[in-house]
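# Observations on chain architecture
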Amino acid sequence: MKRIEPPKAGQALDAAILHDADAESAVLGHLIVDQDAHRLVEYLEADDFFDEENRRLFVTICDGIYNGLPVDRDDSMAVPVYLRSIGQWDALRGAFIKAAAYPATAGTLPFHARMLRDWRIKRETQFGIFDALQLEDDDAKYAAIESIYQRRDLLKVDRQEWRFQPKTLDQMAATAERHEFLVDNLIVASQPLVLGGPPKSSKTGILMDLCLSLATATRFLGIWKVNRPRRVLVFSGESGRQTLLETGERQCRAKGLSRSDAADLLIESDNLPDISTPAGVRELTTFVQHIGAEVVAVDPTYLAFSISADASRNVFEMGSRLRCLNMAVAKAGATLIVAHHLKKSTEKNKNAAPELEDLTGSGFAEFARQWLLVRPREAYDMENGIQRLSMNIGGSAGYGASCALDIIEGTRASAGGLIWDVRRLTPEALDEEKTDQKAARQKTNQEQRRRRLLDALDAIGETGDTLSKICELAGLNYGTVRGEIDSLEDILQPCQVTKSGKDYDGYKRRTEPLVLMADDACEWKEFA
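Residues numbered from 1 in each chain as written. Predicted model: local features only at pLDDT ≥ 70, side-chain atom pairs only at ≥ 80, totals over all residues. Heavy atoms only, no water.

A separate point is the packing of aromatic side chains. For the structure shown, the criterion picks out four aromatic pairs. Summarising the aromatic geometry, the rings of W89 and F96 are spaced 5.3 Å apart at their centres and angled 65° between planes, so their arrangement reads as edge-to-face. Taking the centre distance of 5.8 Å and the plane angle of 35° together, the rings of F220 and W224 count as tilted. Cation over ring: R84 sits above W89, and NZ or CZ is 4.4 Å from the ring centre. One Lys or Arg, K122, reaches over the ring of W119 and ends 4.4 Å from the middle of that ring. (Phe/Tyr/Trp six-rings, centres within 6.5 Å; stacked < 30°, edge-to-face > 60°. Lys NZ or Arg CZ within 6 Å of the ring centre and 35° of its normal.)

What follows is the structure, given as structure tokens:
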């Protein structure tokens, strides 16, 4: 808006030309037919309306909205009913009729609202300067004019429809809620949780245990306390209805529950939300609100996104999709849990706890405000149905845990059938397991070296050869074999090897019995 020049002394001001009656009626008309529109013009004030009746009607409608006016959106009869209920219909009927005749559309409403503020700025500026010019003291006159222009600039800033509402620490402390734990000292509400793991690592089983525990206020995995029951909605698109039912029944039995005890656990296995369209986002928010869910789980996340492989590697694209999914759930007052895969390459390092960087695709590590990641410590025990996992749980709220779990599910052929038995290993048990695994790996490697040495010795024949040549033929490290030479006496028989007229110490495959001395006794070891 251009700078308004001060009127000349003695110039008469006509207030009637410094407003737009049609714009005032248009704004009020839209509020009458759509009371939700007050959010679009909430930066307006009563003084933005020049006409006294329009001003009173605006104040009355806004007071009714903020004080629980019993209206429905798009109900044009709600406002007159409300005006009659508070005894203001006769006084404001004229302004109401004008406003209801020509309401602004949703598209023109912001324009008309800004017009009201612009006319107010013009009125206050011109009348203020006119009054200031009547002052005799020049300093007071120019101080008054400067104040008027400052007020004008403030009104211009205040009219903006700011989305940003920064607060001081004191203001945040007065209004912000503290962390509420879904699972005691482990998982908080209102922050998205990423549950990740490689394929076939019991991700869905762990997710189901978490959701069942939240719905029934029983311990998560039989370990961590859940404070109160919550309504939980699970979208699962991979496991299938039969598997989800069996898993839920096994977990109910493990927790001492019946199926009817889990009435607050709702499972949708046929349709997943579609976050690729605005309609899909609105549908998810509306449905979560409709059923009153406090927690929403999506397994797996990629099925809710209709995107290309290239887009899945774009952190900006994936970040936008994940944020959209979280906002759709958060708008309904629920906490989001998403299940996702770990990179296949990370399965090679089974001894290290999984990290956020191990999640496949882009955006998930950055998006996660809290995480629960699992990785098998060793191959799945198919004979006994045991999954041995490393688990890493943490969050930006400053909590977490790292532990080892054994999930015993059994097999259909076993006596007890399929079960759900989760055991948390103590640090001592985990250390013992690592020691046993190391010993088993060493034993396996030794057996492989023995087989390769035997193959090399058979290829060399009765003449034998030097140890370095045998190792070269077997593809083994000379130092490793030399270090284990005492344990290889049962297959290596010392001999003399002649090369270029010189004799060297060598070995061939043992054909003579080996005498082992122990406690002055002799033990004969026969070889085939």
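Turning to the packing of helix α8 (residues 203–216) against helix α9 (residues 241–254), a few remarks are in order. The contact between α8 and α9 brings their axes to 10 Å, and the two run at 55°. The angle between α8 and α9 places the two elements in the oblique class. In the packing of α8 onto α9, the handedness of the crossing is right-handed. Counting all contacts with α8, which are made through T204, G205, M208, D209 and L212, the residues of α9 involved are L244, T247, G248, Q251 and C252. In terms of residue class, the contact of α8 with α9 is made up of four nonpolar, five polar and one charged. (Axes fitted to C-alpha atoms, helices over the stretch in contact; angles between N-to-C directions. Helix = DSSP H or I, 4+ residues; strand = E, 2+ residues; numbered from the N terminus. Parallel < 35°, antiparallel > 145°, perpendicular 65-115°, else oblique. Left-handed = near helix turned anticlockwise from the far one by under 90°. Contact = heavy atoms within 4.5 Å. Nonpolar A, V, L, I, M, F, W, Y, C, P; charged D, E, K, R; others polar.)

Generally speaking, nonpolar side chains in soluble globular proteins are found buried as a group. Grouped together as the largest cluster of nonpolar side chains are 39 residues, with contacts concentrated most on V183, I206, F220, W224, L372 and M391. Residue contributions to this core peak at seven residues, all from α8. If near-sequence neighbours (up to four positions away) are discounted, W224 is found in contact with V183, L186, T218, R219, M391, I393, C403 and R424. Formed by 30 residues, the second largest nonpolar core is a distinct cluster that contains V281, A304, V329 and F367. (Core = buried A, V, L, I, M, F, W, Y, C linked by side-chain atoms within 4.5 Å. Buried < 20%, exposed > 50% of the residue type's maximum accessible area, 1.4 Å probe, protein only.)

By volume, the largest pocket amounts to about 710 Å³. Lining the largest pocket we find 23 residues, and of these K200, S202, T243, R250 and E409 sit closest to its centre. Mapped by element, the contributors of at least two residues to the lining of the largest pocket are α8 and α9. With five residues, α9 is the single largest residue contributor to the lining of the largest pocket. (1 Å grid on protein atoms, 1.4 Å probe; cavity = no way out; pocket = protein on both sides within 12 Å on 5 of 7 lines; lining within 4 Å. Points joined across faces, edges and corners; volume = space filled by probe spheres on them.)

A few words on the sheet that holds strand β3 (residues 193–197). Backbone-to-backbone hydrogen bonds pair the strands of a sheet. The strands run either parallel or antiparallel. Here nine strands make up an open sheet; going across it, the order is β5-β4-β6-β7-β3-β8-β9-β10-β11 and the pairing mixed. Each end of this open sheet is capped by a strand with a single partner; those strands are β5 (265–268) and β11 (421–424). The average undirected angle you get between the axes of adjacent strands in this sheet is 20°. With seven bridges connecting them, strand β8 (residues 370–376) and strand β9 (residues 386–395) associate as antiparallel partners. The residue of β9 that forms the bridge with L373 is N392. (Pairing = 2+ DSSP bridges.)

On the secondary structure map, D264 appears in the loop between α9 and β5. For D264, a relative accessible area of 29% gives the class partly exposed. Taking the C-alpha atoms as reference points, D264 and C211, separated by 53 residues in sequence, lie 9.6 Å from one another.

Right, let's get into helix α10 (residues 278–291). With 14 residues, α10 should cover 20 Å at 1.5 Å per step; its first-to-last C-alpha distance of 20 Å lies within 8% of that length. Listed in full, the buried residues belonging to α10 are G280, V281, L284, T285, V288 and I291. Each buried residue of α10 sits inside an arc of 150° when the element is viewed along its axis, so together they form one side. Among the exposed residues of α10, those oriented more than 90 degrees off its buried face are P278, R282, E283 and H290. Buried residues along α10 sit in contact with β4 (232–236), β5, β6 (295–299) and α12 (315–331). Backbone geometry just downstream of α10 places G292 in the positive-phi region, at approximately 70°. (Expected span 1.5 Å × (residues − 1). Arc of directions from axis to C-beta.)

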